[in-house]
Amino acid sequence: MAAELAALTDSKVLSPELADRLWQAAQADAQAAPAPELATNDRGKTGNPGLLDVLGYVGGALLLGALLFLGGALWRDLSRLARDLVVLAAFLIAAAGGAALWRSRTRRPLAGVLLALACVAAGFAYHQVFDDQEGVASSAVVVVGAAVLTALLRSAACLLAGWVGAMVFVVALVSKLTAPEHDHMAGLVAAGFGVVAVLLTLAGSWRHRTVAWVLAGLSGWAASAALLSTQPPIRAAYVCLLVVTVVAGALFAAFVRLRSPWYAVVGCLILLSMWPVGLQRILASAVGVALGLVVAGGLLIAAAAVLSQLRRRGVRSGRPGSAD
């Protein structure tokens, strides 16, 4: 570059003072720029982030699969000490891996998944070590651990683990407090699922709105399914159809307002699954299934027409809805 500046100075294109300033600026830029070898080494140290995520998720899946395999196929063949060691090792591996990744601040989503698995493994470990046959305390451990981690780390995976633990807790608690042949057992389970749905709706207003509200919709779906098994069947079926229609309508409205397709997917599944079953229970005939599909289809068409109008009005008024 010095030769080019000298040639421009000799041809009177640049003055000696301006050429000197350009040379000094070029030297300063060269000193501030990182060396090519250093940049190459940095890239080598960083590696492929996608590959590291895949390795972490595969490791977590293998850990969960090992627990399921041992619990389903080989659990009775293991001694009590071997069972305790397996569940404690699963909890410690998932918890230590998730905590290490979270502290490194490099793989926060993967850390949340591993810590969510650690919550589930903690409940399983409590069930095995303390011989919790009823499952109330074990599921409570999962719920409390997931709630604490969701509040501290704000991880959607921990919220999902807490929902699974809460649904199991409701069933275990109702089974403990009532006899299996109790007439209102299914109704109490449905009420518990409804409480879970309300809590998730409130949690969605604070964090992870899409995940929380979709799980709330699934909880309402489960509550309606539980109502179908209550007596008398016809009255319960009417209540079930009312509940699922309201829940699906709320999910469709959330889809228009928040532009997340998961709300619409869950709403469609609720209508298409519960209306045929409910009408079949009311009519005590297979004709109810066909009529339920017809009614569900009509409700979906009506919802599409109404919500499209609401969406147009929102766009015209300058409030097209915000993404989650």
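Predicted, not measured: the structure shown is a model, and the values here were computed from it.

Novice: Please provide a residue-by-residue account of helix α8 (residues 156-177), values included.
Specialist: With 22 residues, α8 should reach 32 Å at 1.5 Å per residue; the first-to-last C-alpha distance of 32 Å fits that figure. Among the residues of α8, Cys158, Leu159, Ala161, Gly162, Trp163, Gly165, Ala166, Met167, Val170, Ala172 and Val174 are the ones counted as buried. Close packing links the buried residues of α8 with α6 (108-129), α7 (136-153), α9 (185-204) and α10 (209-227).

Novice: Quick rundown of the state of the cysteines? Include the residues and the values.
Specialist: Taken as a whole and judged by the stated rule, the model has zero disulfides. Note on Cys119: no disulfide assigned, nearest cysteine sulfur contributed by Cys158 at a separation of 5.3 Å.

Novice: Lay out the packing of α9 against α10 in plain terms, naming residues and giving numbers.
Specialist: Interhelical geometry of α9 versus α10 gives an angle of 170 degrees and a closest axis separation of 8 Å. The angle between the axes of α9 and α10 places the two elements in the roughly antiparallel class. Note on packing geometry: the crossing formed by α9 with α10 is left-handed. Counting all contacts with α9, which are made through Ala186, Val189, Ala190, Phe193, Gly194, Val196, Ala197, Leu200, Thr201, Ala203 and Gly204, the residues of α10 involved are Arg209, Ala212, Trp213, Leu215, Ala216, Ser219, Gly220, Ala222, Ala223, Ala226 and Leu227. Counted by class, the contact of α9 with α10 contains 16 nonpolar, five polar and one charged residues.

Novice: Just give me the short version of the confidence of the model for the chain, but keep the residues and values in it.
Specialist: Averaged over every residue, the pLDDT of the chain is 77; the share at 70 or more is 77%. Predicted confidence in the chain is weakest over helix α3 (residues 36-46), with a mean pLDDT of 41, and strongest over α7, with 92. Contacts for the low-pLDDT stretch residues 33-47, under 50 throughout, to residues beyond four places or in other chains number one contact. Note on residues 320-324: pLDDT is under 50 here. Beyond four places in sequence and across chains, it has 15 contacts.

Novice: Provide a residue-level description of the nonpolar core, including the pertinent values.
Specialist: A general trend in soluble globular proteins is that nonpolar side chains are found buried together. Ranked by size, the top nonpolar core spans 43 residues in total, and within it Val196, Leu200, Ile270 and Trp275 carry the most contacts. Of all elements in the fold, only α8, α9, α10, α11 (233-258), α12 (261-283) and α13 (287-316) reach the threshold of two or more residues within this core. At 11 residues, α11 tops the list of elements feeding residues into this core. Not counting the four nearest positions on each side in its chain, Val196 is found in contact with Trp163, Ala166, Met167, Val170 and Ser219.

Novice: Just give me the short version of the packing of aromatic side chains, but keep the residues and values in it.
Specialist: This structure, assessed with the given rule, holds two aromatic pairs. Ring centres 6.3 Å apart and planes at 50 degrees place the aromatic pair Trp213 and Tyr263 in the tilted group. In this pair, Trp213 is assigned in helix α10 and Tyr263 in helix α12, connecting sequence segments 50 residues apart. Judged by relative accessible area, which is 24%, Trp213 ranks as partly exposed.

Novice: So what's going on with a nonpolar patch on the surface? Residues and values would help.
Specialist: Taken together, Val195, Val198, Leu199 and Leu202 make up a surface patch of nonpolar side chains, about 390 Å² in accessible area. Along the polypeptide, Val198 turns up in helix α9.

Calculation notes
Residues numbered from 1 in each chain as written. Predicted model: local features only at pLDDT ≥ 70, side-chain atom pairs only at ≥ 80, totals over all residues. Heavy atoms only, no water. Helix = DSSP H or I, 4+ residues; strand = E, 2+ residues; numbered from the N terminus. Expected span 1.5 Å × (residues − 1). Buried < 20%, exposed > 50% of the residue type's maximum accessible area, 1.4 Å probe, protein only. Contact = heavy atoms within 4.5 Å. Disulfide = S-S within 2.5 Å. Axes fitted to C-alpha atoms, helices over the stretch in contact; angles between N-to-C directions. Parallel < 35°, antiparallel > 145°, perpendicular 65-115°, else oblique. Left-handed = near helix turned anticlockwise from the far one by under 90°. Nonpolar A, V, L, I, M, F, W, Y, C, P; charged D, E, K, R; others polar. pLDDT = per-residue confidence, 0-100. Core = buried A, V, L, I, M, F, W, Y, C linked by side-chain atoms within 4.5 Å. Phe/Tyr/Trp six-rings, centres within 6.5 Å; stacked < 30°, edge-to-face > 60°. Patch = residues over 30% accessible without salt bridge, like charges linked within 9 Å, V, L, I, M, F, W, Y side chains within 5 Å. Areas by Shrake-Rupley, 256 points an atom, 1.4 Å probe, with all protein chains shown as cover. Salt bridge = Lys/Arg side-chain N within 4 Å of Asp/Glu carboxyl O.

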